[in-house]
Amino acid sequence: MLIRLAGGRVIDPAHGRDATGDVFIRDGRIAAPEANDAADVVHDVSGKIVMAGAIDIHSHIAGGNVNTARLLLPEQHRAHLPRPAATPLSTALWSTFETGCRYAAMGFTTVIEPAVPPHYALHSHLELADIPIIDKGTLCVLGNDDFLLSLLRDGESRAAIADYVATMLTASKALGVKCINAGAAVAFKHNVRAFNLDDIVPTYGVSSRQIVEALQQAVMDLAIPHPLHLHTNNLGIAGNVETAIATIAAARGRPLHLAHLQFYAYGKEGKRGFSSAAARLADAVNANPNVTIDVGQVMFRQTVTVSLDILRQFNAMDTARPKKTVIFDEDLNGSGIVPFNYRSNNFYNAVQWASGLELFLLVNDPMQVFFTTDHPNGAPFTTYPEIFALIMDRNLRRQWIADLPSAAMEMTTLPSIEREYSLFEVATMTRVAPAKLLGLKDRGHLGAGALADVAVYHDDPDRAQMFRSAHLVFKDGELVVRDGRVTHYRFGRTLKVDPGFDRGIDQRLARYYDELYGCSRDMFRVPAEAIARDHAFEDVACEA
Ligand SMILES: [Zn+2]
């Protein structure tokens, strides 16, 4: 069947296209232009904006922390689609199912869950499989694991470390490697409560920096498309811009993705000793094209922070609103759930809000800065439409700034920034750039042969309304959303890599699991048949 989207403004930065024209879809893929009368179905999208489906590289949508947050905060389960009363789980709202629907309604078609410890991978994949419409992927968390730190302590070869990383990725069916406060979760168990890039992990004798460098090298050696995805040290602390800048320098020109950099954009200026240093940080990003960042924008509302950075979450317990937390220590990272209410009349929260927007607006290249709230840590992903509007409209920003504490705004450069994102730049940041960063050649653009993931928006001058409620969304060529409402349910795939490695590492790991846990290492493998669906997983090529 040939579908023709006729007469829209097609914005496809991968091909330098921003012009009125047609997009053709055949058998789930974008097709080369054909005679107009050849189409079986024609959608008149004149006056509408046509883009590829959006891709989110960092959103916590599944896994242990997400579930624990649901259990901790039953009163926060609000949704616009309540289940019928007197049916099972009628009070449990915003399920995995709704996660897919809400993303699709905004024109998002691929979302990456960025924090899956390898031993929790099966649960995460089962939960992801329950999210409809969108394609998914996971990042496997390494860097506080005993096996890796032991390899480093014992001075084992680069090849051995790459083999270990590869087998953990393969067993957990992940798309890339995440590292969260390298070594700090181990140090936390030894009652360390602050951990810097050059601090040494007790009993292993390796520094945070060495762990990061080793993982970065392994990702490169394995030719995994997505660079090491790093949550670096000292998140959320005044003055931590120095850590972020030191981490950028530590990459030494090699590919590195820094997660939710807004939470590291803090100086110590002013009488409260807390200021935005986002302008300085943006300069460092601009000067290091090997580095990509995502923002982790804060928005003012109740949310919950979920993190495997147990040291950070433990230190943040006093800030919990409402006053309840879950901290659990365990093998690998441990984790913490701390509810948080970002308030617009709070000096610190207002500085955080401004510093995120400064990063968006002061990093010059939209291929280098990625659109996230670190859902749900900075704000739920449902706030994306408001953030699109803020980066596209300086007058709207002025209105917001006027309502915020002036003492906070004096600690940022935001009031002086004139830049407004164009739709072309938004499409670059949310389509082209994430596809490239993740090695997904079949999406993020509208060239012939690409997956027919397409979002059509009303050209509403209210950009928040435009991005909140897409006019039409196609996933793999199937129409799934009409005017912000899901009209057709389907299930996507989970993207993963399958790097080659020396299988000798598996024998070592089998002995290790047997000795340490008295169990088979296979307990922690995610079998493909765990997801009872055809084509549940899809490999993304690893190539240098
Ligand atoms: Zn995160």
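For the structure, see preceding data.
Residues numbered from 1 in each chain as written. Predicted model: local features only at pLDDT ≥ 70, side-chain atom pairs only at ≥ 80, totals over all residues. Heavy atoms only, no water.

Asker: Honestly, the side chain of threonine 232 in this entry has me stumped. Any pointers?
Answerer: The residue threonine 232 is located in the loop between β10 (229-231) and α8 (241-250) in this model. Its relative accessible area of 2% is what places threonine 232 among the buried residues. Within the structure, the side chain of threonine 232 is placed 3.1 Å from the side chain of asparagine 233, a separation counted as a polar contact. Residues in contact with threonine 232, not counting those within four places in the same chain, are Asn181, Thr243, Thr247, Leu258 and Tyr264. (Helix = DSSP H or I, 4+ residues; strand = E, 2+ residues; numbered from the N terminus. Buried < 20%, exposed > 50% of the residue type's maximum accessible area, 1.4 Å probe, protein only. Polar contact = N/O pair within 3.5 Å; in protein donor to acceptor, adjacent residues only side chain to side chain. Contact = heavy atoms within 4.5 Å.)

Asker: Can you help me understand the sheet that holds strand β17 (residues 335-341) in this one?
Answerer: Strand pairing in a sheet is mediated by backbone hydrogen bonds. Such pairs are either parallel or antiparallel. Spatial strand order, β15-β17-β16: three strands in an open sheet with antiparallel pairing. The sheet is open, and its two edges are formed by β15 (302-307) and β16 (326-328), each paired on a single side. Along the sheet, successive strands turn relative to each other by an average axial angle of 20°, direction set aside. As paired elements, β16 and β17 share three bridges and run antiparallel to each other. Residue pairing across strands places isoleucine 327 opposite glycine 336, the latter belonging to β17. Contacting β15, β16 and β17, helix α1 (residues 64-72) runs over the sheet at an angle of about 50° to β17. (Pairing = 2+ DSSP bridges. Axes fitted to C-alpha atoms, helices over the stretch in contact; angles between N-to-C directions.)

Asker: What is the right way to look at the environment of lysine 268 in this model?
Answerer: With respect to the helices and strands, lysine 268 occurs in the loop between β12 (266-267) and β13 (275-276). Residues lysine 268 and methionine 411, spaced 143 residues apart in sequence, show a C-alpha to C-alpha distance of 9.8 Å. Sequence-distant contacts of lysine 268, that is, excluding residues within four places in its chain, are made with Ala238, Gly239, Gly273, Phe274 and Ser275.

Asker: Would you mind going over the coordination of the zinc ion with me for this structure?
Answerer: Working reference: metal with six octahedral donors, ideal angles 90 or 180 degrees; metal with four tetrahedral donors, ideal angle 109.5 degrees. Each protein donor to the zinc ion is listed here as His58 (NE2), His60 (NE2) and Asp374 (OD); together their distances run 2.1 Å. Positions of the donor residues of the zinc ion along the chain correspond to the pattern H-x1-H-x313-D. (Donors = N, O, S within 2.8 Å, 3.2 Å for Na, K, Ca; no water.)

Asker: Please clarify how the nonpolar core should be interpreted in this entry.
Answerer: Ranked by size, the top nonpolar core spans 140 residues in total, and within it Trp353 and Phe360 carry the most contacts. The biggest single contributor to this core is helix α11 (residues 347-362), with nine residues. Residues contacting phenylalanine 360, with those up to four places away along its chain left out, are Val295, Gln297, Val369, Phe370, Phe371, Thr372, Ile387, Ile391, Arg419, Tyr421 and Met429. Formed by 17 residues, the second largest nonpolar core is a distinct cluster that contains Val10, Ile25, Val45 and Val454. (Core = buried A, V, L, I, M, F, W, Y, C linked by side-chain atoms within 4.5 Å.)

Spatial relationships are all this shows, so hold off on functional conclusions.
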